Amino acid sequence: MEKKVRVRFAPSPTGGLHLGGVRTALFNYLFAKQHGGTFVLRVEDTDQTRFVAGAEEYIVSCLEWCGMSPDESPQKEGAFGPYRQSERKASYKQYADQLIADGYAYYAFDTPEELDAKRKEFPNFLYGQSTRMQMRNSLTLPADEVEALLEKRTPFVVRIKMPENEQVSFIDLIRGHVSFDTNLVDDKVLLKADGMPTYHLAVVADDKAMEISHIFRGEEWLPSAPIHILLWRYLGWEDEMPQWVHLPLILKPDGNGKLSKRDGDRLGFPVYAQNWTDPKTGDLTAGFKELGFMPEAFVNLLAMLGWNDGTDQEIFTMDELIEKFSVERISKAGAKFDFEKAKWYNHEWIKHAEAKKIAPVIKNELLKSGLASVEDLYLDKVIDLVKDRCHLLTDFITQSRYFFVSPETYDLAAVKPKWTVEKGAFFEAFMAVLKDGLSAVELEEEFKALTVTHNLKPGELMLPFRIMLVGGKFGPGVFDIAVLLGASETADRIRKALLAFN
Ligand code: GLU
């Protein structure tokens with residue numbers, strides 16, 4: 001029988017969530033939903049030294065923002081909990097014991113000082129095949145001494161005993177046949193002195209316990225795969241081993257290496273999904289959300305980093321992604337991150353968004369920027385008029401502020417040099433023509449008719465009119481702006497501006 005699809009996103013709560021992490025979550029999510037499977041969030045917090053308070057809540061909130069809430073998680077217990085590894089601590093030791101009993105692992109009693117001394121002596125020191133017999137462990141010490149050390153509760157770690165001269169081979173659904181030489185892999189620690197498992201033991205034990213069917217994770221974990229595969233084998237679970245899918249790296253814009261948080265800081269774009277404040281230093285790292293990305297656009301652009309559906313289509317909703325996603329179309333090669341392209345996606349999503357959908361975020365931004373109140377129906381109309389001009393939701397602050405407050409300053413340089421008494425007279429007359437209920441086209445016709453009687457050209461008057469209403473040389477069609485502002489507000493703005501222009 002086909003195994004039921006159960007996938008997991010397994011972040012360590014060590015800080016902000018990198019967009020590569022979100023893409024891993026996304027591919028897990030898409031695969032689960034496509035197959036009617038289960039998307040699990042498992043928090044891998046066995047490394048207490050790297051644990052950061054608030055990181056788990058932050059990760060949960062990022063997933064929620066992206067619209068991919070887990071089916072099972074620490075917040076939503078299912079049948080396979082607990083979903084935090086620290087809370088599963090008691091379950092791991094039995095596997096370390098089993099591996100030792102079967103000769104696949106051993107106790108190592110070397111103290112941190114002894115290991116440091118070795119590393120000083122041999123800068124490339126690796127605890128493994130060529131060195132393990134010179135160390136203090138259950139392979140080198142007599143059995144009774146090992147017993148005595150254990151009885152005295154001498155601190156120890158458990159290490160995997162990497163076999164000699166073996167090829168560990170497996171199928172990666174993206175890369176095909178992959179093979180590792182065991183001579184090149186060291187004897188990784190499985191259980192630490194504090195009784196906590198390391199990532200390697202915990203990940204295998206939990207993927208088994210949680211009946212995970214497919215492991216989608218970043219390519220950076222590929223070198224760990226041989227250790228995990230050997231553990232699946234040594235623990236006697238090989239028949240139940242999940243399928244492996246190592247996702248291509250997300251690269252720096254120039255393609256030189258993995259995209260890091262530091263690249264974002266250096267090049268001026270976010271790398272985290274949402275704002276992250278380091279609880280120790282108080283340092284704030286910007287996120288896509290707060291910069292003004294729509295979650296739909298963020299998900300869309302992430303999906304396209306290393307995947308396409310084989311056509312030219314670039315804009316996908318989550319539902320379309322769920323339908324069209326396929327592992328076969330994930331590329332092996334790393335995907336370069338291009339922030340301009342990311343903004344292009346967001347622009348596309350904003351342009352086509354229903355005003356009502358994005359209005360709450362924009363309203364919030366406008367209120368934060370100092371507007372006293374924002375009326376909902378009016379805001380919807382404003383959004384429809386200016387959304388073509390916004391790449392980020394935060395662009396709405398400048399692009400729509402003048403709909404709510406009359407300009408505080410004018411781009412006089414654009415008007416003054418060519419200003420004439422005749423133009424002033426035209427606008428005085430135009431104020432009398434204004435009335436509510438006209439469409440933008442009708443208002444434009446009135447405007448043009450009046451230019452004829454004033455012996456002026458519409459082209460000379462449009463820019464001053466815009467500056468009167470907006471303050472600067474930007475915005476949608478000036479007659480659309482005037483109609484939305486209404487006759488009385490438009491007249492007020494003309495009157496006020498004339499004082500500054502004349
Ligand atoms: N805890 C690992 C991480 O932080 C998970 C790697 C895996 O999916 O196996 O990414």
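Residues numbered from 1 in each chain as written. Predicted model: local features only at pLDDT ≥ 70, side-chain atom pairs only at ≥ 80, totals over all residues. Heavy atoms only, no water.

1. Topic: the site of the ligand
- The immediate surroundings of the ligand are formed by Arg 8, Ala 10, Ser 12, Glu 44, Tyr 199, Val 203, Arg 217 and Trp 221.
- Between the ligand and Glu 44 there is a distance of 2.7 Å, counted from a nitrogen atom to a side-chain nitrogen or oxygen.
- Between the ligand and the protein, one listed contact pairs an oxygen atom with a side-chain N or O atom of Tyr 199 at 2.6 Å.
- The class makeup of the residues in the shell around the ligand is 4 nonpolar, 1 polar and 3 charged. (Near = heavy atom within 4 Å. Polar contact = N/O pair within 3.5 Å; in protein donor to acceptor, adjacent residues only side chain to side chain. Nonpolar A, V, L, I, M, F, W, Y, C, P; charged D, E, K, R; others polar.)

2. Re the sheet that holds strand E4 (residues 157–160)
- Judged by pairing direction, the sheet is antiparallel, and its 3 strands sit side by side in the order E3-E4-E7 without closing on themselves. Single-partner strands in this sheet number two, and they are strand E3 (105–108) and strand E7 (189–191). Along the sheet, successive strands turn relative to each other by an average axial angle of 40°, direction set aside. (Pairing = 2+ DSSP bridges. Helix = DSSP H or I, 4+ residues; strand = E, 2+ residues; numbered from the N terminus. Axes fitted to C-alpha atoms, helices over the stretch in contact; angles between N-to-C directions.)

3. Some thoughts on helix H14 (residues 376–386)
- Where H14 is concerned, the buried positions are Tyr 378, Leu 379, Asp 380, Val 382, Ile 383 and Val 386.
- For H14, the elements touching its buried residues are helix H13 (355–368), helix H15 (395–400) and helix H19 (478–485). (Buried < 20%, exposed > 50% of the residue type's maximum accessible area, 1.4 Å probe, protein only. Contact = heavy atoms within 4.5 Å.)

4. A look at the environment of Met 431
- Residue placement: Met 431 occurs in helix H16 (residues 421–433).
- With relative accessibility at 12%, the residue Met 431 sits in the buried group.
- Separated by 414 residues in the primary sequence, Met 431 and Leu 17 place their C-alpha atoms 55 Å from one another.
- The contact partners of Met 431, leaving out residues within four places of it in the chain, are Ala 491, Ile 494, Arg 495 and Leu 498.

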